[in-house]
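Overview (structure and organization)
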Amino acid sequence: MKLSAFHFDLPEELIAQHPAEYRDESRLMVLNRKEQTIEHKTFKDVINYFEDGDLMVLNNTKVFPARMYGNKEKTGARIEVFLLRELNAENRLWDVLVDPARKIRIGNKLFFGEDDSLVAEVIDNTTSRGRTLRFLYDGSYEEFRQKLEDLGETPIPKHIERDVEPEDEDRFQTIYAKEEGAVAAPTAGLHFSKHLMKRLEIKGVDFAELTLHIGLGTFNPVEVEDLSKHKMDSEKMSVSEDTCEIVNNAINTKRRVCAVGTTVMRAVESTVSSNGRLNPYTGWTNKFIFPPYEFSIANSMITNFHPSKSTLMMQVAAFAGYDFLMKAYEEAIKEGYKFSTYGDAMLII
């Protein structure tokens with residue numbers, strides 16, 4: 001399929017700037033692929049579509065406060081530094097994005113905190129905005145990581161056109177987040193409240209967890225019309241033997257297996273065996289799913305409403321069916337559903 005097939009016009013007011021007041025009270029559109037029906041519900045109604053023994057697979061990645069602001073030595077210019085990944089713990093080397101990038105060259109120093117208690121030196125250019133920083137800090141590694149935590153802020157994406165607010169620290173994180181390493185939240189999971197998860201548990205719905213650390217590549221625009229030529233950024237992932245056992249057992253007993261989010265779907269499809277079962281894996285994935293695609297593990301999914309021409313939308317189109325998804329998006333716009341990170345949800349069965 002071509003990139004242009006995934007274009008749609010989204011009114012700006014439908015890009016959610018804040019989360020719903022309560023996690024499980026965002027809206028839910030339910031797509032039934034077999035019946036080709038669309039229902040309008042509230043997210044907590046999701047419980048009505050699952051039975052005892054069904055399985056939800058969750059991404060337990062945890063977002064760290066990746067956005068920092070420093071001042072350039074001599075000029076004092078304010079520079080945004082976005083931490084992408086740690087390259088070397090011992091030498092305190094990090095892969096980052098800087099903005100404005102034209103002002104930041106190899107050898108420059110950046111000072112962080114009101115007391116300049118953290119200093120970083122630029123030691124390499126990686127891309128037009130990418131740099132490698134060496135942080136200079138006298139304390140222990142634990143103290144250094146705590147410093148990054150204290151100086152960083154919640155990395156809400158740029159389509160949320162406002163300053164970070166205190167509620168973002170909690171709401172830009174799933175309630176089951178455990179493994180730190182993501183710079184963006186697995187948004188489908190943001191709709192789950194403790195109360196809803198408890199109700200699902202009481203009903204007999206099982207949960208399995210995996211980890212995929214979401215990088216900024218998830219927001220990278222696709223710039224080629226031929227989708228087969230698009231390269232995804234690699235992201236770190238891990239699927240344990242325990243999770244494989246739970247998932248494979250659900251497949252063998254013909255239960256509903258629900259991927260909570262596009263990241264879960266990418267992770268399970270990255271480590272599936274030829275007989276359609278899940279394998280343990282720790283490593284990296286750059287899997288790009290777009291129509292047509294044959295899915296092996298999940299037979300249902302929860303996801304948000306995604307931006308035009310995004311890789312996220314393409315994956316959902318592959319699962320729901322392209323025509324059905326385009327019809328659903330058209331209806332979502334007509335009905336005023338909210339899109340993107342803090343937006344509403346979709347269940348595809």
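Attention in this report is confined to the structure presented alongside it. Please read all numbers here as calculations on a predicted model, not as lab measurements.

1. Quick look at the overall build of the chain
The number of helices and strands found in the chain is seven helices and 17 strands. Taken over the C-alpha trace, the chain has a radius of gyration of 21 Å; the compact-globule value for 349 residues is 20 Å, and the two agree within 12%. Along the first, second and third principal axes, the C-alpha set of the chain runs to 65 × 45 × 40 Å. Every one of the 349 residues in the chain was classed for burial, and the buried ones make up 52%. For the chain, long-range pairs separated by at least 24 residues make up 71% of all intrachain contacts whose partners lie at least 6 apart in sequence. Approximately 16300 Å² of the chain is accessible, and the part contributed by carbon and sulfur atoms is 45%.

2. Some details on the layout of surface pockets
Roughly 1000 Å³ of internal volume is contained in the largest pocket. Taken together, 41 residues form the lining of the largest pocket, with Leu84, Arg85, Gly215, Leu216 and Gly217 sitting closest to its centre. Classifying every residue of the lining of the largest pocket gives 14 nonpolar, 15 polar and twelve charged. Forming the boundary of the second largest pocket are 27 residues, of which Thr218, Phe219, His306, Pro307 and Leu312 lie nearest the centre. Broken down by secondary-structure element, the contributors of at least two residues to the lining of the second largest pocket are helix H5 (262–270), strand S16 (300–304) and helix H6 (311–320). Across the lining of the second largest pocket, the residue classes tally to eleven nonpolar, 15 polar and one charged.

3. Structural notes on the sheet that holds strand S3 (residues 55–59)
On the basis of which strands lie adjacent, the open sheet formed by nine strands has the order S2-S1-S17-S16-S14-S3-S12-S13-S15 and mixed pairing. A strand with exactly one partner marks an edge of an open sheet, and here the two such strands are strand S2 (37–42) and strand S15 (281–285). When strand polarity is set aside, the average angle formed by the axes of neighbouring strands in this sheet is 25°. Each of S3, strand S12 (206–212), strand S13 (235–239), strand S14 (257–260), S15 and S16 touches H5; the most contacted strand, S12, lies at about 80° to it.

4. Section: the nonpolar core
Ranked by size, the top nonpolar core spans 64 residues in total, and within it Met29, Leu31 and Met346 carry the most contacts. No other element matches H6, which puts seven residues into this core. If we skip the residues at most four places from it in the chain, Met29 touches Ile38, Glu39, His40, Phe305, Ala328, Glu331, Ala332, Tyr337, Ala345, Met346 and Leu347. Ala77, Leu83, Ala101 and Ile104 belong to the second largest nonpolar core, which has 24 residues in total.

5. Digging into the pairing of S2
With six bridges connecting them, strand S1 (residues 27–32) and S2 associate as antiparallel partners. Bridging across to S2, Asn32 finds its partner in Thr37. Here S1 folds back onto S2, and the loop between the two strands holds four residues, one of which, Gln36, carries a positive phi near 60°.

6. Considering the sheet that holds strand S10 (residues 130–136)
Around the barrel, six strands lie side by side as S5-S6-S7-S10-S9-S8; this closed barrel has antiparallel pairing. If you compare each strand with its neighbour and ignore which way they point, the axes differ by 45° on average. Alignment of strand S5 (residues 67–72) against strand S6 (residues 78–88), held across five bridges, turns out to be antiparallel. When the bridges of S6 are listed, Met68 appears paired with Val81. Packed onto the sheet, helix H1 (residues 141–151) meets S5, S6, strand S7 (93–99), strand S8 (109–112), strand S9 (118–125) and S10 and runs at close to 90° relative to S9.

7. Re empty space enclosed by the protein
Taken as a whole, this structure holds two cavities of 30 Å³ or more when the rule is applied. Forming the boundary of the largest cavity are 16 residues, of which Thr218, Met232, Arg266, Thr311 and Leu312 lie nearest the centre. Elements with a minimum of two residues in the lining of the largest cavity: H5 and H6. Its residues assigned to classes, the lining of the largest cavity shows six nonpolar, six polar and four charged.

8. Examining the environment of Tyr49
You can see Tyr49 is positioned in the loop between S2 and S3. The spacing of Tyr49 and Leu118 is 69 residues in sequence and 51 Å in space, taken between C-alpha atoms. When near neighbours in sequence (up to four residues on either side) are disregarded, Tyr49 contacts Val30, Glu39, Lys41, Asp54, Arg256, Leu347 and Ile349.

What counts, and at which threshold
- Residues numbered from 1 in each chain as written.
- Predicted model: local features only at pLDDT ≥ 70, side-chain atom pairs only at ≥ 80, totals over all residues.
- Heavy atoms only, no water.
- Helix = DSSP H or I, 4+ residues; strand = E, 2+ residues; numbered from the N terminus.
- Rg over C-alpha atoms; globule rule 2.2 N^0.38 Å.
- Buried < 20%, exposed > 50% of the residue type's maximum accessible area, 1.4 Å probe, protein only.
- Contact = heavy atoms within 4.5 Å.
- Areas by Shrake-Rupley, 256 points an atom, 1.4 Å probe, with all protein chains shown as cover.
- 1 Å grid on protein atoms, 1.4 Å probe; cavity = no way out; pocket = protein on both sides within 12 Å on 5 of 7 lines; lining within 4 Å.
- Points joined across faces, edges and corners; volume = space filled by probe spheres on them.
- Nonpolar A, V, L, I, M, F, W, Y, C, P; charged D, E, K, R; others polar.
- Pairing = 2+ DSSP bridges.
- Axes fitted to C-alpha atoms, helices over the stretch in contact; angles between N-to-C directions.
- Core = buried A, V, L, I, M, F, W, Y, C linked by side-chain atoms within 4.5 Å.

The values are spatial; any link to function lies outside them.
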